[in-house]
Amino acid sequence: MSAPLQNHGKKDNAPDAAHFLHLVERTLASNPELSPVQGAILVAARQDIARDSKTFARLFGMAHAIVLRELNALIQTTGLVTQTKRDTRTLRTHYQPTSISDA
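Residues numbered from 1 in each chain as written. Predicted model: local features only at pLDDT ≥ 70, side-chain atom pairs only at ≥ 80, totals over all residues. Heavy atoms only, no water.

Attention now moves to the packing of helix 3 (residues 53–60) against helix 4 (residues 64–78). When two helices pack together, their arrangement is captured by the angle between the axes and the distance separating the axes. Axis separation between helix 3 and helix 4 bottoms out at 9 Å; the angle between their running directions is 125°. One element, helix 3, and the other, helix 4, form an angle in the oblique class. The two elements helix 3 and helix 4 meet at a crossing, and its hand is right-handed. On the side of helix 3, the interface is formed by Ser53, Lys54, Phe56 and Ala57, while helix 4 contributes His64, Val67, Leu68 and Leu71. (Axes fitted to C-alpha atoms, helices over the stretch in contact; angles between N-to-C directions. Helix = DSSP H or I, 4+ residues; strand = E, 2+ residues; numbered from the N terminus. Parallel < 35°, antiparallel > 145°, perpendicular 65-115°, else oblique. Left-handed = near helix turned anticlockwise from the far one by under 90°. Contact = heavy atoms within 4.5 Å.)

Pasting the structure below:
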């Protein structure tokens, strides 16, 4: 996974890459069954950085197919995120963290 979130300039709303990676590490420590990509998907949803697969793939420089595979596994096996909408043509999948993901 590349380092997509950087502080360019002094934008107040720009996510801090180091903080994001810290949150992913913390998420992975408390959920060892998650892959690093799944941890990043969950943190991005919690932080309102990305709540759909295409946006996540673009922001993190990943293939959409990989994000879809990881997102589907995350939805089906953990209950930490739920699918809210899916475009049948593009497969863009919208998701949100569940209340148990905040615990």
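Scanning all chains against the criterion turns up three salt bridges. A salt bridge links Arg92 to Asp52; the nearest nitrogen and oxygen atoms lie 3.2 Å apart. Residue Arg92 is located in the loop between strand 1 (81–86) and strand 2 (93–97), and its partner Asp52 is located in the loop between helix 2 (36–46) and helix 3; the two are separated by 40 residues in the primary sequence. The class of Arg92 is partly exposed, set by a relative accessible area of 30%. Overall, Asp52 belongs to the buried group, its relative accessible area being 9%. Across the pair Arg69 and Glu70 runs a salt bridge, and its minimum N-O distance is 3.7 Å. On the accessibility criterion, Arg69 (54% relative accessible area) is exposed. (Salt bridge = Lys/Arg side-chain N within 4 Å of Asp/Glu carboxyl O. Buried < 20%, exposed > 50% of the residue type's maximum accessible area, 1.4 Å probe, protein only.)

Here we take up the nonpolar core. Buried together is how nonpolar side chains tend to be arranged in soluble globular proteins. Ranked by size, the top nonpolar core spans 22 residues in total, and within it Phe20, Ile41, Phe56, Met62, Val67 and Tyr95 carry the most contacts. Going through the elements one at a time, helix 1 (17–30), helix 2, helix 3 and helix 4 are the ones with two or more residues in this core. For this core, the element with the most residues is helix 2, which contributes seven residues. The contacts of Tyr95, once residues within four sequence positions are left out, are Ile41, Ala45, Ala50, Arg51, Asp52, Ser53, Phe56, Leu71, Thr82, Gln83 and Thr84. (Core = buried A, V, L, I, M, F, W, Y, C linked by side-chain atoms within 4.5 Å.)

Here the focus is the side chain of Thr78. Structurally, the position occupied by Thr78 is in helix 4. From its side chain, Thr78 meets the backbone oxygen of Leu74 in a polar contact 2.5 Å long. Polar contacts involving the side chain of Thr78 include one to the main-chain amide nitrogen of Leu80, which spans 3.1 Å. With near-sequence residues (within four places) excluded, Thr78 lies in contact with Glu33, Leu34, Ala73 and Ile100. (Polar contact = N/O pair within 3.5 Å; in protein donor to acceptor, adjacent residues only side chain to side chain.)

Time to look at helix 1. Here helix 1 contains 14 residues, and its C-alpha end-to-end distance of 20 Å stays within 8% of the 20 Å for a straight helix at 1.5 Å per residue. Considered for burial, the residues of helix 1 that qualify are Ala17, Phe20, Leu23, Val24 and Thr27. Projection of helix 1 onto a plane perpendicular to its axis shows the buried side chains occupying an angular sector of 125°, all on one side. With respect to the buried face of helix 1, the exposed residues turned more than 90 degrees away are Ala18, Glu25, Arg26, Ala29 and Ser30. Buried-residue contacts for helix 1 involve helix 2 and helix 3. (Expected span 1.5 Å × (residues − 1). Arc of directions from axis to C-beta.)

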